[in-house]
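Coordinates in review
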Amino acid sequence: MQNVLLVAAAQASTEQVAAASRLLHSHWPKGGSVAEYQAKLIGDGTTGLLPQSYVLIRNDNDHDKTVVAHGRLIECFESAGGNAAALTYIIAGPQGKGYGSQLVAMLEKEAIRLGYHYLYLWTATAVPFYLKLGYQPTERVSLFCACLKKLECDQVIKLEAVLQKKMGNMMTKRNET
């Protein structure tokens, strides 16, 4: 296993956020420009609530702090009871170095720390990887509203921001009582 460090994107260095933004844009160019990804990474987690982005940093020595992966926990709502989070991630460079396993294990611990009881994954290509980690296939579960499919990416981002603000206001009011 590689010596790595999981850092919330909001606490990562400017260079690390820029590297993660380039990684995201190279994987999902339709999701926004590098600058848009960078703004989203910096904004994620500032409320202490999900969504929260993380960067996995190779921590070999004081000089090599390379971003090797990005992971994101997203709150989702389902009917099974308990809090649920969805996990997405991407790895930079070649696979098979253990970064994916380490990132998933670290994000599982982070989700538990944040009070989430379930993790949902959607994949068509990485099923063997997740089976090796102990995940079990289930029936397909839809946790998102169909109406969101009609929105453009920037509209969904704006809607998420409004909902995050409202959620933050609700949490503040709850803590005051």
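These numbers were taken from a predicted model, which means no experiment stands behind them. Residues take numbers from 1 onward in each chain, read along the sequence in its written order. The model is predicted, so local features are restricted to residues of pLDDT at least 70 and side-chain atom pairs to those at 80 or more, both for listing and for counting; the totals for chains, interfaces and linings are taken over all residues. The side-chain numbers reported here are obtained from all heavy atoms of the structure, hydrogens and water having been left aside.

**Brief notes about the nonpolar core**
Generally speaking, nonpolar side chains in soluble globular proteins are found buried as a group. Residues Leu 56, Leu 73, Tyr 89, Leu 103, Val 104 and Tyr 130 are the most contacted members of the largest nonpolar core, which totals 21 residues. Think of it this way: any DSSP run of H or I at least four residues long counts as a helix, any run of E at least two long counts as a strand, and we number them from the N terminus. Broken down by secondary-structure element, the contributors of at least two residues to this core are strand 1 (4-8), strand 2 (52-58), strand 3 (67-76), strand 4 (84-91), helix 3 (99-113) and helix 4 (127-132). Among the elements that line this core, the one with the most residues is helix 3, at 5 residues. Residues Ala 9, Leu 24, Val 67 and Ile 90 belong to the second largest nonpolar core, which totals 13 residues. Here, the term nonpolar core denotes a set of buried Ala, Val, Leu, Ile, Met, Phe, Trp, Tyr and Cys residues that are joined through side-chain atoms within 4.5 Å. In this scheme, a residue with accessible area under 20% of its type's maximum is buried, one over 50% is exposed, and one in between is partly exposed, where area comes from a 1.4 Å probe on protein chains only.

**Quick notes on the packing of aromatic side chains**
A pair of Phe, Tyr and Trp rings is counted when the ring centres sit within 6.5 Å of each other, with Trp represented by its six-membered ring. The angle between the planes then sorts it: under 30 degrees is stacked, over 60 is edge-to-face, the rest tilted. Summed over all chains, the structure comprises 2 aromatic pairs. Ring geometry for Phe 129 versus Tyr 130: centroids 5.1 Å apart, planes at 70 degrees, classification edge-to-face. Accessibility assignment for this pair places Phe 129 and Tyr 130 in one class, buried. Geometrically, the ring pair formed by Tyr 130 and Tyr 135 is edge-to-face, given 5.6 Å between the ring centres and 80 degrees between the ring planes. Members of the aromatic cluster, each reached through a chain of ring pairs, are Phe 129, Tyr 130 and Tyr 135.

**Here's the deal with the packing of helix 1 (residues 14-27) against helix 2 (residues 34-43)**
Axis lines are fitted through C-alpha atoms, for helices just across the contact stretch, and the angle between N-to-C directions can take any value from 0 to 180 degrees. Running from N to C, helix 1 and helix 2 cross one another at 125 degrees; their axes reach a closest spacing of 8 Å. In terms of their interaxial angle, helix 1 and helix 2 are classed as oblique. The interaxial crossing formed by helix 1 with helix 2 has right-handed handedness. Seen from helix 1, the contacting residues are Thr 14, Val 17, Ala 18, Ala 20, Ser 21, Arg 22, Leu 24 and His 25; seen from helix 2, they are Val 34, Tyr 37, Gln 38, Leu 41 and Ile 42. For the contact of helix 1 with helix 2, the per-class residue count stands at 8 nonpolar, 4 polar and 1 charged. In what follows, roughly perpendicular refers to angles from 65 to 115 degrees, roughly parallel to angles under 35, roughly antiparallel to angles over 145, and oblique to any angle outside these ranges. The sense of a crossing depends on the near helix, which, turned anticlockwise from the far helix by less than a right angle, makes the crossing left-handed and, turned clockwise, makes it right-handed. Any two residues whose heavy atoms approach within 4.5 Å at even a single point are treated as in contact. Basically, the charged four are Asp, Glu, Lys and Arg, the nonpolar ten are Ala, Val, Leu, Ile, Met, Phe, Trp, Tyr, Cys and Pro, and anything else, Gly included, counts as polar.

**Remarks on the environment of Leu 107**
Tracing the backbone shows Leu 107 in helix 3. Residue Leu 107 is classed as buried on the basis of its relative accessible area of 0%. Distance in space between the C-alpha atoms of Leu 107 and Leu 73 is 7.6 Å, their sequence separation being 34 residues. Discounting chain neighbours no more than four positions away, the residues touching Leu 107 are Leu 6, Tyr 54, Gly 71, Arg 72, Leu 73 and Leu 87.

**Quick notes on the confidence of the model for the protein chain**
Per-residue confidence from the predictor is reported as pLDDT, a score between 0 and 100. Predicted confidence across the protein chain gives a mean pLDDT of 75, with 69% of residues reaching 70 or more. The spread of mean pLDDT over the elements of the protein chain runs between helix 5 (residues 153-176), the lowest at 66, and helix 4, the highest at 88.

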